[in-house]
Amino acid sequence: MLPLAERLRPKFLDHYIGQKHLVGEGAVLRNMIESGNLSSFILWGPPGVGKTTLAKIIANHTERPFYQLSAVTSGVKDVREVIEKARQNKFFNQANPILFIDEIHRFSKSQQDSLLGAVENGTFTLIGATTENPSFEVITPLLSRCQVYTLKSLEEEDLNELIERAITQDNELKERKFNIVDKEALLRFSGGDARKMLNIIELLAISQPEGVVEVTNAIVTERLQQNPMAYDKDGEMHYDIISAFIKSIRGSDPDGAIYWLARMIAGGEDPKFIARRLVISAAEDIGLANPNALLLANACFDTVQKIGWPEGRIPLAETTIYLATSAKSNSAYMAINDALALVEQTGNLPVPLHLRNAPTKLMKQMGYGKEYKYAHDYQNNYVEQQYLPDKIKNRAIWTPQGNASEHKMSEWLKSLKKK
């Protein structure tokens, strides 16, 4: 027997659940489908939100031949065979067939290159599906020939509609009586994934073969026995959550920062990965406004390595809140970037003679180190002297920012130069 998710896969657009921004009345994909004027596009979204279903509905509605490949199991040879088959089976004035490629991000560059000519000359209309950001995973020439449409995780309203459809319309399940006491665990474990939701419902029905199928938070949790907050550490959500975490620290929002930290901990993120990002944030975003932040972040990294989970969450939380509530400065980050750009622009400028090392007699005779002034021999351990190459000797690179710490540094330098 087919799985429930396959049995309930809709064949018509009006039965499709979710993605109203793409297939609702007047939306871009609905207009394209109803007009029959298809162009190649890529559907980007998390698993179980209807990418494959939508591609099949489009082929069904537009009455076009439909070819499907999976990037996991197909190679260049398979792509070429499908292209040739599409060419041979195309009749005069017939609309282009559709080639649907699931997980197109897994295709290598050469596999993606093999699609270019057929997409360009209209041998078929390409519909790709990916869970990863196409701008990173799809080659530029192919991406330029395809529009990208983003699909979202299903909302609670969509999932509730899916549950109702499963227990009232599926030929197998509608013969059973369901007693849905609460849905919180169902919704939480599905995570906006329709396939996962239907798999859970089917599991509940199979595990309670006699009588009423009870659906409670406790039963769902006990049956699944897995972490509902876990996510793919190589996937899009991994990068989105760490981005939100760092941006919350940078934006001085301890509530946002601690929330995203909790999401990473609950999702099973590597504690050393989190601690490394805190060290980077301390240097990049807090910087000279509070140099102690880097010391604390580094101590946090060492501590987490020593104690691991679950106690490691405490120093991570302490450091996260400290960094989020600390004064911010990226002057060191900007200074090194500007200096690298200056080096790239000016090349290998010679070191001024007075700054050069002079370990040999010949070097001393050539003027290496001559007239160098040893700063500690002067009042306040400072003496006016040129430290940059001649060509850029008056260039300012570090610009202090308006926090108390850097204001103090700036005033100290000014006072030295006055004296």
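All residue numbers refer to positions counted from 1 along the written sequence of the respective chain. In view of the model being predicted, local features appear only for residues whose pLDDT reaches at least 70, and side-chain atom pairs are presented and counted only at 80 or more, with totals across whole chains, interfaces and linings using the full set of residues. Just so you know, side-chain values use all the structure's heavy atoms and leave hydrogens and water out.

Caption draft 1: Summary view of the environment of Thr130. For Thr130, the position within the fold is in strand β4 (residues 125-130). Of the residues examined, Thr130 reaches a relative accessible area of 1% and is grouped as buried. Spatially, the C-alpha atom of Thr130 lies 23 Å from that of Leu4, the residues being 126 residues apart in sequence. Any two residues whose heavy atoms approach within 4.5 Å at even a single point are treated as in contact. Beyond its immediate sequence surroundings of up to four residues, Thr130 is in contact with Ile42, Leu43, Trp44, Gly45, Lys51, Ile104 and His105. Each polar contact in these results corresponds to two N or O atoms within 3.5 Å; when the atoms are within protein, one needs to be able to donate a hydrogen and the other to accept it, and residues that are neighboring in sequence are counted only if both atoms are side-chain atoms. Of note is the side chain of Thr130, whose polar atom sits 2.9 Å from the side chain of His105. Secondary structure elements follow DSSP: runs of H or I no shorter than four residues count as helices, runs of E no shorter than two count as strands, and numbering proceeds from the N terminus. Using a 1.4 Å probe on the protein chains alone, a residue whose accessible area is under 20% of its type maximum counts as buried, one over 50% counts as exposed, and one in between counts as partly exposed.

Caption draft 2: Spatial organisation of the nonpolar core. As used here, the term nonpolar core means buried Ala, Val, Leu, Ile, Met, Phe, Trp, Tyr and Cys residues forming a set that is joined through side-chain atoms within 4.5 Å. With 27 residues, the main nonpolar core has Phe178, Leu186, Met197, Ile201 and Val220 as its most contacted residues. Elements supplying a minimum of two residues to this core: α1 (4-7), α9 (156-169), α10 (184-190), α11 (194-207), β7 (213-215) and α12 (217-224). Counting residues per element, this core draws most heavily on α11, at 7 residues. What Val220 contacts, discounting residues up to four positions off in sequence, is Ala185, Leu186, Phe189, Ile200, Leu204 and Val215.

Caption draft 3: Main features of α9. Residue count minus one, scaled by 1.5 Å, sets the expected span of a helix. With 14 residues, α9 ought to run about 20 Å at 1.5 Å a step, and its terminal C-alpha atoms sit 20 Å apart, in line with that. Buried residues of α9: Asp158, Leu159, Leu162, Ile163, Arg165, Ala166 and Ile167, and no others. Looking at the buried residues of α9, the elements they touch are α1, β6 (178-180), α10 and α11.

Caption draft 4: Local environment of helix α18 (residues 331-346). Between its first and last C-alpha atoms α18 spans 22 Å; for 16 residues at 1.5 Å apiece the expected length is 22 Å, and the two agree. Buried within α18 are the following residues: Ser331, Ala335, Leu342 and Thr346. In an axial view of α18, the angular spread of the buried residues amounts to 35 degrees, which keeps them on one side of the axis. Turned more than 90 degrees away from the buried face of α18, the exposed residues are Leu340, Val343 and Glu344. The arc under discussion is defined with respect to the helix axis, by the directions toward the C-beta atoms.

Caption draft 5: Representation of the pattern of salt bridges in the model. Any carboxyl oxygen of Asp or Glu that lies within 4 Å of a side-chain nitrogen of Lys or Arg is treated as forming a salt bridge with it. Using the criterion set out here, one finds 17 salt bridges in the structure. Glu222 is the salt-bridge partner of Arg223, the closest N and O atoms lying 2.4 Å from each other. Residue Glu222 is classed as partly exposed on the basis of its relative accessible area of 41%. In the salt-bridge network here, residues are joined through shared partners; they are Asp14, Glu25, Arg30 and Glu34.

Caption draft 6: Looking closely at a nonpolar patch on the surface. There is a patch of nonpolar side chains on the surface, built from Tyr372, Tyr374 and Tyr387 and spanning about 340 Å² of accessible area. Inspection of the secondary structure assignment puts Tyr387 in the loop between α19 (361-365) and α20 (404-418). On the accessibility criterion, Tyr387 (46% relative accessible area) is partly exposed. Patches were defined on residues exceeding 30% relative accessible area and lacking a salt bridge, with like-charge contacts within 9 Å and nonpolar side-chain contacts (Val, Leu, Ile, Met, Phe, Trp, Tyr) within 5 Å. Accessible areas in this description were obtained via Shrake-Rupley with a 1.4 Å probe; residue shielding takes into account the shown protein chains only.

Caption draft 7: The pairing of strand β2 (residues 66-70), seen in detail. Burial along β2 is one-sided: Tyr67 and Leu69 are buried, and none of Phe66, Gln68 and Ser70, which face the opposite way, are. For two strands to count as paired, DSSP must find a minimum of two bridges between them. Both β2 and strand β3 (residues 98-102) contribute to a ladder of 5 bridges, which runs parallel. Bridging across to β3, Leu69 finds its partner in Ile101.

Caption draft 8: The arrangement of the packing of aromatic side chains in detail. In this analysis, rings of Phe, Tyr and Trp, with Trp reduced to its six-membered ring, are considered paired at centre separations within 6.5 Å, and the interplanar angle assigns stacked below 30 degrees, edge-to-face beyond 60, and tilted for intermediate values. Per the stated rule, a full pass over the model turns up 3 aromatic pairs. Here the aromatic rings of Phe41 and Tyr149 are separated by 5.5 Å at their centres, their planes lie at 70 degrees, and the arrangement is edge-to-face. Separated by 108 residues along the polypeptide, Phe41 in strand β1 (residues 41-44) and Tyr149 in strand β5 (residues 147-150) bring together distant segments of the chain. An identical accessibility class is assigned to Phe41 and Tyr149; each is buried. Positioned above the aromatic ring of Tyr368, the side-chain terminus of Arg356 is 5.0 Å from the ring centre. We call a charge positioned over a ring when the NZ of a Lys or the CZ of an Arg lies within 6 Å of the ring centre and within 35 degrees of the ring normal.

Caption draft 9: Quick look at the packing of helix α5 (residues 76-89) against helix α6 (residues 109-120). At a closest axis distance of 9 Å, the pairing of α5 and α6 adopts a crossing angle of 15 degrees. Regarding the angle of α5 to α6, the classification is roughly parallel. Here the hand of the crossing between α5 and α6 comes out right-handed. Residues Val76, Val79 and Ile83 of α5 form the contact with α6, whose participating residues are Ser110, Gln111, Ser114, Leu115 and Ala118. Under the grouping applied here, Gly and all other residues not named as nonpolar or charged are polar, the nonpolar ones being Ala, Val, Leu, Ile, Met, Phe, Trp, Tyr, Cys and Pro and the charged ones Asp, Glu, Lys and Arg. Looking at side-chain class alone, the contact of α5 with α6 contains 5 nonpolar, 3 polar and no charged residues. Every axis in this analysis is a line fitted to C-alpha atoms, fitted for helices over the stretch in contact. Angles between the N-to-C directions lie between 0 and 180 degrees. Orientation is classified from the angle alone, with under 35 degrees giving roughly parallel, over 145 giving roughly antiparallel, 65 to 115 giving roughly perpendicular, and any other angle giving oblique. By convention, the crossing between two helices is left-handed when the near helix turns anticlockwise from the far helix through less than a right angle, and right-handed when the turn is clockwise.

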